[in-house]
Amino acid sequence: MKLHLLLAFFVFCAPVRAAEESPANALLVVPSERTAFDRKFQDFLEKNGAKLLQSHPPSVFIGYIPKELDEQLNEKFGALVYREKVDDWSSFARYGENAVFAVNAWNKRFVEDPPEAPLVVSSKVQQVGRKGDALRLTWNEVMKANAYRLQISADAGFEAIGLETVLARNSYSLIPSFWKDGIYYWRVAGLLTLNTGETKEGAYSDVYSFAISKPARASGARLAAPQVPPKNRVKGKPLSWAAPAVFKYYHLQLSETADFEAPLLDVFTDTCAYKLSGLPVKRDTPYFMRVMGSDGAAAGTWSEVSEVVIESPGPAVNDTRMFRRKNK
């Protein structure tokens with residue numbers, strides 16, 4: 001069996017689920033080519049969810065290896081697992097030119113590593129809005145981040161996520177009237193586009209908190225739900241809905257599923273529209289939207305669910321390139 005066939009064995013026989021969910025995370029060095037062909041070694045990798053994705057014969061591989069296997073691989077097979085950038089190349093020289101090439105390829109991955117987690121601009125949450133009745137969370141911009149993931153939870157350990165959303169900018173405004181009184185915790189991570197074109201989520205920031213305490217509201221008629229159309233197609237404009245005069249603020253959710261179990265977008269606004277530019281939404285793909293209104297003191301109920309399709313933008317008006325093509 002040649003070494004390229006061995007690599008094929010690893011690629012196609014390792015558990016597919018582990019590979020799909022876990023990209024390459026380790027540089028593996030085995031003591032000899034004989035180790036790579038050892039059936040016990042192959043079975044060990046397969047049974048433990050490891051997957052070797054790149055082969056640099058005779059002794060070096062790059063792939064996904066669960067961290068708990070590092071010690072066992074060394075004890076059972078004399079293999080070494082590297083997870084950080086390799087600074088000492090001399091130990092690889094005895095494995096040949098391919099090993100040196102492998103280290104070079106491995107080290108390039110760390111040039112593309114995500115930068116540090118976002119830094120919160122101020123631990124004191126700003127009060128903004130028409131009468132200071134909105135709260136704004138802000139953080140620094142992260143290099144290579146084209147979006148951010150924000151999480152808010154009622155517990156500091158984030159065991160249960162109360163709100164999670166993707167944002168195009170490095171700030172988020174929330175309206176207290178949609179929230180229960182209490183202490184909330186929040187953190188944010190950058191969604192990065194690397195030089196390779198790969199999208200990767202960076203580390204989360206430190207955890208910060210804010211408090212919500214609303215004045216008591218006199219009993220009265222409950223607010224109705226906003227009206228939304230059953231279906232809505234959006235092309236080159238913000239996502240919008242009807243705006244009854246009774247509402248000052250809106251809570252908008254956009255989800256890939258109609259149960260809104262994990263919304264892509266979960267935001268608050270003081271207008272009846274929201275710009276989707278800069279967000280990772282797919283064109284010509286059905287999404288689901290719902291809206292809740294507030295008069296600034298209390299919130300109403302969710303609207304009916306509306307199916308939304310963000311259409312691909314058409315050609316630019318007066319596009320000179322199109323004019324030239326028509327006149328050829």
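Here the structure is a predicted model, which is why all the values come from computation and not from measurement.

Draft legend 1. Layout of the sheet that holds strand S4 (residues 80-82). Pairing is antiparallel in the open sheet, where 4 strands are placed in the order S2-S3-S1-S4. At either margin of the open sheet sits one strand with a lone partner, and together these are strand S2 (51-56) and S4. The mean inter-strand angle of the sheet, taken between neighbouring strand axes irrespective of direction, is 30°. Here S2 pairs with strand S3 (residues 60-64) via 5 bridges, running antiparallel.

Draft legend 2. Quick peek at the side chain of Gln151. Mapped onto the elements of the fold, Gln151 is located in strand S7 (residues 145-153). Accessibility expressed as a relative area gives 7% for Gln151, which makes it buried. Engagement of the side chain of Gln151 in a polar contact is seen with the side chain of Glu164, the distance being 2.5 Å. Side chain to side chain, Gln151 and Arg187 meet in a polar contact 2.9 Å long.

Draft legend 3. Local environment of the packing of helix H4 (residues 39-47) against helix H5 (residues 70-77). Two elements in contact, H4 and H5, have axes separated by 12 Å at closest approach and are oriented at 170°. By the angle between their directions, the pair H4 and H5 is classed as roughly antiparallel. On the side of H4, the interface is formed by Lys40, Phe41, Phe44 and Leu45, while H5 contributes Gln72, Leu73, Lys76 and Phe77. For the contact of H4 with H5, the per-class residue count stands at 5 nonpolar, 1 polar and 2 charged.

Draft legend 4. Main features of unusual backbone geometry. Here the amide bond leading from Pro57 into Pro58 is cis, since omega sits at 10°, within 30 degrees of zero. Relative to the helices and strands, Pro58 is located in the loop between S2 and S3. The phi angle at Phe158 is positive, at roughly 55°, despite the residue not being glycine. Looking at where Phe158 falls in the secondary structure, it is placed in the loop between S7 and strand S8 (163-167).

Draft legend 5. Inspection of the environment of Ala145 at higher detail. With respect to the helices and strands, the residue Ala145 is situated in strand S7. For the pair Ala145 and Thr199, spaced 54 residues apart in sequence, the C-alpha to C-alpha distance is 9.2 Å. Once residues lying within four places of it in the same chain are set aside, the contact partners of Ala145 are Gly190, Leu191 and Leu192.

Draft legend 6. A look at the environment of Ile175. Within the element layout of this structure, Ile175 appears in the loop between strand S9 (171-174) and strand S10 (182-193). As a C-alpha pair, Ile175 and Phe268 span 93 residues in sequence and 6.5 Å in three-dimensional space. Contact partners of Ile175, with chain neighbours within four places excluded, come to Asp133, Ala134, Tyr249 and Phe268.

Draft legend 7. Seen up close, the pattern of salt bridges. A complete count under the given rule lists 6 salt bridges for this structure. Here Arg149 and Glu164 are joined by a salt bridge, their closest N and O atoms 3.5 Å apart. Here Arg149, found in strand S7, pairs with Glu164, found in strand S8; they are 15 residues apart in sequence, far enough to count as distant. Overall, Arg149 belongs to the partly exposed group, its relative accessible area being 22%. The partner of Arg233 in a salt bridge is Glu311, with the nearest N and O atoms 2.5 Å apart.

Rules behind the numbers
Residues numbered from 1 in each chain as written. Predicted model: local features only at pLDDT ≥ 70, side-chain atom pairs only at ≥ 80, totals over all residues. Heavy atoms only, no water. Pairing = 2+ DSSP bridges. Helix = DSSP H or I, 4+ residues; strand = E, 2+ residues; numbered from the N terminus. Axes fitted to C-alpha atoms, helices over the stretch in contact; angles between N-to-C directions. Buried < 20%, exposed > 50% of the residue type's maximum accessible area, 1.4 Å probe, protein only. Polar contact = N/O pair within 3.5 Å; in protein donor to acceptor, adjacent residues only side chain to side chain. Parallel < 35°, antiparallel > 145°, perpendicular 65-115°, else oblique. Contact = heavy atoms within 4.5 Å. Nonpolar A, V, L, I, M, F, W, Y, C, P; charged D, E, K, R; others polar. Salt bridge = Lys/Arg side-chain N within 4 Å of Asp/Glu carboxyl O.

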